[in-house]
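Here's the letter readout for the chains.
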Amino acid sequence: MDKIEIIGRQTLKGDVRISGAKNAALPLMCASLLTDKEIILKNIPRLGDIATMISVLEHLGAAIHWKSHDIISLNVAHIETSEAPYDLVRKMRASILALGPLLGRYGQAIVSLPGGCAIGVRPIDIHLKGFEKMGAHITIDGGNIHAKAPQNGLQGCDFHFPVVTVTGTENMIMAAVLANGVTTLTNAAQEPEINDLCDLLVKIGADIHNDLKGTITITGVSSLNGAIHSVIPDRIETGTYCVAPLMYGGDVTLHNTDPSYLNSFLDVLKSIGAIIKTTDDSIYVSHPGHSLKSFDISTSPYPGIATDLQAQLMALMCVCKGTSTVLENIWENRFMHVPELRRFGANITVEGHKAIVEGQYPLKAAPVMATDLRASVSLVLAALAAEGKTVLNRVYHLDRGYENFEHKLRSCGVHIERKPNHTPSVNLVQTIAS
Ligand code: EPU
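About the criteria used
Residues numbered from 1 in each chain as written. Predicted model: local features only at pLDDT ≥ 70, side-chain atom pairs only at ≥ 80, totals over all residues. Heavy atoms only, no water. Axes fitted to C-alpha atoms, helices over the stretch in contact; angles between N-to-C directions. Helix = DSSP H or I, 4+ residues; strand = E, 2+ residues; numbered from the N terminus. Parallel < 35°, antiparallel > 145°, perpendicular 65-115°, else oblique. Contact = heavy atoms within 4.5 Å. Nonpolar A, V, L, I, M, F, W, Y, C, P; charged D, E, K, R; others polar. Buried < 20%, exposed > 50% of the residue type's maximum accessible area, 1.4 Å probe, protein only. Expected span 1.5 Å × (residues − 1). Near = heavy atom within 4 Å. Polar contact = N/O pair within 3.5 Å; in protein donor to acceptor, adjacent residues only side chain to side chain. Areas by Shrake-Rupley, 256 points an atom, 1.4 Å probe, with all protein chains shown as cover. Pairing = 2+ DSSP bridges. Core = buried A, V, L, I, M, F, W, Y, C linked by side-chain atoms within 4.5 Å. Domains from an automatic or database assignment. Buried area = accessible area lost by both parts, 1.4 Å probe. Salt bridge = Lys/Arg side-chain N within 4 Å of Asp/Glu carboxyl O. Phe/Tyr/Trp six-rings, centres within 6.5 Å; stacked < 30°, edge-to-face > 60°. Lys NZ or Arg CZ within 6 Å of the ring centre and 35° of its normal.

1. Observations regarding the packing of helix H8 (residues 235-248) against helix H10 (residues 310-317)
Then comes step 1: Between H8 and H10, the shortest axis-to-axis distance is 10 Å and the interhelical angle comes to 10°. The angle between H8 and H10 places the two elements in the roughly parallel class. Across from Ile-236, Thr-240, Val-243, Leu-246 and Met-247 in H8, the residues of H10 making contact are Gln-312, Leu-313, Ala-315 and Leu-316.
Then comes step 2: Each residue belonging to the contact of H8 with H10 can be placed in one class, and the counts come to seven nonpolar, two polar and no charged.

2. Section: the side chain of Ser-95
Then comes step 1: Within the secondary structure, Ser-95 sits in the loop between helix H3 (86-89) and helix H4 (99-106).
Then comes step 2: The exposure class assigned to Ser-95 is buried, which follows from its relative accessible area of 0%.
Then comes step 3: Excluding residues that lie within four positions of it along the chain, Ser-95 makes contacts with Met-53, Val-56, Leu-88, Val-89 and Val-111.

3. So, helix H2 (residues 48-60)
Then comes step 1: Between its first and last C-alpha atoms H2 spans 19 Å; for 13 residues at 1.5 Å apiece the expected length is 18 Å, and the two agree.
Then comes step 2: When H2 is considered as a whole, its buried residues turn out to be Asp-49, Ile-50, Thr-52, Met-53, Ile-54, Val-56, Leu-57 and Leu-60.
Then comes step 3: Downstream of H2 by one or two residues, Gly-61 has phi in the positive range, about 125°.

4. Details of the site of the ligand
Then comes step 1: Asp-125, Thr-165, Thr-167, Asp-308 and Ile-330 are the nearest of the 22 residues found near the ligand.
Then comes step 2: Take Ile-126: an N or O atom from its main chain is 2.8 Å from an oxygen atom of the ligand.
Then comes step 3: Measuring from an oxygen atom of the ligand, one finds a backbone N or O atom of Val-166 at 2.7 Å.
Then comes step 4: Contact with the protein chains removes 87% of the 820 Å² of surface that the ligand exposes when unbound.
Then comes step 5: Secondary structure elements with two or more residues in the shell around the ligand: helix H1 (22-31), helix H5 (125-133), helix H6 (166-176) and helix H12 (373-385).
Then comes step 6: For the shell around the ligand, the element with the most residues is H5, which contributes three residues.
Then comes step 7: Its residues assigned to classes, the shell around the ligand comprises eleven nonpolar, five polar and six charged.

5. Here we look at the pairing of strand S9 (residues 144-148)
Then comes step 1: Relative to S9, strand S7 (residues 108-112) is paired through five bridges, and the arrangement is antiparallel. Its bridge partner lying in S9, Gln-108 is registered against Lys-148.
Then comes step 2: Relative to S9, strand S8 (residues 137-141) runs antiparallel, the two sharing five bridges. Looking at the pairing, Asp-141 lines up with Asn-144 of S9.
Then comes step 3: As consecutive antiparallel partners, S8 and S9 are separated by two residues, and within that stretch Gly-142 has a phi angle of approximately 60°, a positive value.

6. With respect to the nonpolar core
Then comes step 1: By size, the foremost hydrophobic cluster in this structure holds 80 residues, and its most contacted members are Leu-57 and Leu-201.
Then comes step 2: With seven residues, H1 is the largest single contributor of residues to this core.
Then comes step 3: The residues touching Leu-201, leaving out its near neighbours within four places in the chain, are Ala-31, Leu-34, Ile-173, Met-174, Val-177, Ala-206 and Ile-208.
Then comes step 4: In terms of nonpolar packing, the next biggest core, distinct from the first, is built from 69 residues, Leu-246, Ala-306, Ala-385 and Phe-405 among them.

7. Notes on the domain arrangement of the protein chain
Then comes step 1: Considered domain by domain, the protein chain is made up of domain 1 (2-19 + 233-420) and domain 2 (22-218).
Then comes step 2: Between domain 1 and domain 2, the C-alpha centre-to-centre distance is 30 Å.
Then comes step 3: Tallying the contact residues gives 23 residues for domain 1 and 20 residues for domain 2.
Then comes step 4: For the pair domain 1 and domain 2, the summed buried surface comes to about 1800 Å²; carbon and sulfur atoms form 51% of the total.
Then comes step 5: Seen at the junction of domain 1 and domain 2, the total is two salt bridges.
Then comes step 6: One salt bridge in this structure joins Glu-193 and Arg-235, with 2.9 Å as the shortest N-O distance.
Then comes step 7: Scanning the region where domain 1 abuts domain 2 turns up six residue pairs in polar contact (both at pLDDT 80 or more).
Then comes step 8: Mapped by element, the contributors of at least two residues to the side of domain 1 that touches domain 2 are H12 and helix H13 (396-401).
Then comes step 9: Here the element with the most residues in the side of domain 1 that touches domain 2 is H13; it accounts for three residues.

8. Overview of the packing of aromatic side chains
Then comes step 1: All told, the structure shown has three aromatic pairs when counted by the stated rule.
Then comes step 2: Between Phe-159 and Phe-161 the ring centres are 5.1 Å apart and the planes differ by 90°, which places this aromatic pair in the edge-to-face class.
Then comes step 3: Judged by relative accessible area, which is 8%, Phe-159 ranks as buried.
Then comes step 4: With a relative accessible area of 0%, Phe-161 lands in the buried category.
Then comes step 5: A ring pair is formed by Tyr-241 and Phe-405, whose centres lie 6.4 Å apart and whose planes are at 40°; its orientation type is tilted. Here Tyr-241, found in helix H8, pairs with Phe-405, found in helix H14 (residues 405-410); they are 164 residues apart in sequence, far enough to count as distant.
Then comes step 6: Look at Tyr-241 and you get buried, because its relative accessible area is 3%.
Then comes step 7: A connected cluster of aromatic rings, assembled from ring pairs, spans Tyr-241, Tyr-402 and Phe-405.
Then comes step 8: Cation over ring: Arg-46 sits above Trp-66, and NZ or CZ is 3.6 Å from the ring centre.

Structure, rendered in structure tokens:
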């Protein structure tokens, strides 16, 4: 497995172009299952998770090709099979997003039940309850979800989400666009990625009204067309690069982004002393040159502080003056980065879903291990402030969600290098030994 080496105590200076949002691109790609016409998506990031989604969709019958570096064409003239097997689903939980559109267009689906992962149990019970409310018959057999729509198709319904769920909302929207009648979703997720999905679906002929306050009304139509659509900028990647120059100093301008997706996050950065200037599509972040103040965050669904930025903000707390706290309210196990941050010398205590960070304990480089996507990037951020050379193992987590990661940091002056692993595979070693 590749490693990344980062030389610490570095100030950043430069410009970063933000990529398209991974968590918007994945449902948009699944929406191609709803129509036999071509969908062209622009601003698609080249990431591990996108490659996995391509494999899932190709398995189901999609013809997919890259038209340029960041433009992809998807065409599902026929659905070849309605079964997404474990081997693909286990690589990425977002594969569950195939379930809603398959049920809507094909009337049935078999999707492997995703397991838990490093950040929590990650149930999908609410997705399944929603499909049942639309008349689907759901059984779990052999680790697979078997879902079947009634003979006359899914039926519109009123469904209240007991917990705000992002992919649950996306799955229900995609199931409802071809259903009979009206579906009204309440307590629906309001993340910008949901609105991006609704925008594409409306372009291809769906009838959707999203009040952007948690109620989404979908009136089923009989068929959908094709469209060209550009994926929104990645707000989590944006937030991550906002934190980078605050770790040890410098200033960075982020381009091709949308600051309005990050209002509560940027308010936090301003409140601790960071200098932030925004335009419609850029953010300038500068360290004030003196200690940043400690701060408290509590993660919540959009428009609150995103759980996907919690680990990065915790790394920032390690260099702020005083005591900071984190309340993680979305994922029950999203403190896997804490033991790794402690390896740098950080003083962090965990009490249930609360973490207390005593700032400005001197950080020293250490070999550390990535446990999930956002945890791994928080370790790189800590490494920027640590004295010495940090070695980050299990880099594949980063590759799932951060496009051109080392290149983007290097263009801001960071000494960061990937060390490919040239160790022969086990089979090769056995062959040589035998
Ligand atoms: N939940 C249930 N039952 C369900 C679904 C969710 O109890 O059927 C609970 C979860 O246990 C959790 C909460 O609801 O406590 C929110 O989970 P949600 O369903 O919103 O998460 P998700 O849709 O699986 C997406 C992102 C995650 C991000 C969360 C929260 C994608 C592909 N993934 O996951 O992104 O953390 O929303 O914002 O959109 C990441 O990019 O690193 C990442 C993990």
